[in-house]
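# What the coordinates show
This is what each chain is made of:
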Amino acid sequence: MPDVKKIRLDKLLSSTGSFSRSEAGKLCRASKVTVNGLTVKDPDTKVDPERDEVSVLGKILEYRRYTYIMMNKPDGVVSATEDGDLTVIDLLPEELRRIGLFPCGRLDKNTHGLVILTNHGDLAHFLLSPKHHVEKLYYAETKFPVSDADISLLESGIDIGGYISAPCKVVRAEEKKLYITLTEGKYHQIKLMLGGVHNQVTYLKRVSFAGIELDKELSESSWRYLTAKEVEILTQSFNLLKIK
Ligand code: URA
């Protein structure tokens, strides 16, 4: 039976978010990587991330148990793990479709932008719980101009089908372009809120989630691992809660 816990060395290196897969390969071939003290030049070498001590450029690699990914979701893709239609999971390479990743919160099928995918279930629960008021920033384009009175209504809370939305921050970039920061995530929330001021969303994109900004270099449908710094930002309030 194959040892399922072992993974390729270049994959382990890139899972830290500090190197791309090709950078990891180059580091190996340049004799910059050791496994249990021995130089390993072949990036295909299988290692046990829990047991083997891997060093890069003399620094011991801190293996992360969980995977954290950012994706720039395009129109027409569903932010779910399974669906009749194409999902965000289908946009990942084969090896990442088997490790229990799921999107942290749903975007509508025609909403673009930032989706965080992880297999850290407790963290995702924490981030999605309405109790924790995690900030999500959206960029919206509308059919009609948005007035100052509309902005006041949107900011103070508006009826979205029997529920009054929580206070939020709205910044108008142009007369039909807005940035909206929500701390909750009701179904179709921004579309319903704009509908509440007799307007209509024509384009919607999430640009940040829990302090993580969508990487401007990431084209639509692309993904990358979160960097160590981003993982720290994403997990810091969750980790603080565990310490308390
Ligand atoms: N609000 C919406 O209306 N749709 C989304 O996808 C996200 C927020």
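Since the structure is predicted, the reported quantities are computational estimates derived from the model, not experimental observations. (Residues numbered from 1 in each chain as written. Predicted model: local features only at pLDDT ≥ 70, side-chain atom pairs only at ≥ 80, totals over all residues. Heavy atoms only, no water.)

## A closer look at the nonpolar core
Ranked by internal contacts, the top residues of the largest apolar core, which has 30 residues, are Ile180, Ile190 and Leu194. Of all elements in the fold, only β7 (68-73), β9 (112-118), β10 (136-142), α4 (148-156), β12 (177-182), α5 (189-196) and β13 (201-209) reach the threshold of two or more residues within this core. Each of domain 2 (68-130 + 211-243) and domain 3 (135-209) contributes no fewer than three residues to this core. Val134, Phe209, Leu214 and Leu226 belong to the second-largest nonpolar core, a separate cluster that totals 19 residues. (Core = buried A, V, L, I, M, F, W, Y, C linked by side-chain atoms within 4.5 Å. Buried < 20%, exposed > 50% of the residue type's maximum accessible area, 1.4 Å probe, protein only. Helix = DSSP H or I, 4+ residues; strand = E, 2+ residues; numbered from the N terminus. Domains from an automatic or database assignment.)

## Considerations on the domain arrangement of the protein chain
Here the domain parsing of the protein chain yields domain 1 (7-60), domain 2 (68-130 + 211-243) and domain 3 (135-209). Taken together, the 18 residues of domain 2 in the interface contact 11 residues of domain 3. Across the domain 2 to domain 3 interface the summed buried area is about 1200 Å²; carbon plus sulfur atoms make up 50%. The three residues of domain 2 that bury the most area against domain 3 are Asp108, His112 and Leu114, which together make up 34% of that side's buried surface. Our enumeration of links across domain 2 and domain 3 arrives at one salt bridge. Note that Lys191 is salt-bridged to Asp108, the shortest N-O span being 2.7 Å. (Contact = heavy atoms within 4.5 Å. Buried area = accessible area lost by both parts, 1.4 Å probe. Salt bridge = Lys/Arg side-chain N within 4 Å of Asp/Glu carboxyl O.)

## Quick notes on the sheet that holds strand β5 (residues 54-56)
Taken in spatial order, the four strands line up as β3-β2-β5-β6 in an open sheet, and their pairing is antiparallel. In this open sheet, the two strands that pair with only one neighbour each are β3 (38-39) and β6 (59-60). Here strand β2 (residues 33-35) runs beside β3; their pairing, made up of two bridges, is antiparallel. When the bridges of β3 are listed, Thr34 appears paired with Thr39. (Pairing = 2+ DSSP bridges.)

## Observations concerning the packing of aromatic side chains
The description of two aromatic rings rests on the distance between their centres and on the angle between their planes. Evaluated as defined, the whole model comprises four aromatic pairs. Plain terms: the ring middles of Tyr139 and Tyr179 are 5.3 Å apart, the flat faces sit at 45° to each other, and that makes the pair tilted. Residue Tyr139 is located in strand β10, and its partner Tyr179 is located in strand β12; the two are separated by 40 residues in the primary sequence. Overall, the relative accessible area of 13% leaves Tyr139 in the buried class. Residue Tyr179 is classed as partly exposed on the basis of its relative accessible area, which comes to 32%. (Phe/Tyr/Trp six-rings, centres within 6.5 Å; stacked < 30°, edge-to-face > 60°.)

## A look at α5
By the burial criterion, the buried members of α5 are Gln189, Ile190, Met193 and Leu194. Down the axis of α5, the buried side of the element spans an arc of 125°, and every buried residue falls inside it. Lining the buried residues of α5 we find β10, α4, β12 and β13. Of the residues one or two after α5, His198 is the one with positive phi, at around 55°. (Arc of directions from axis to C-beta.)

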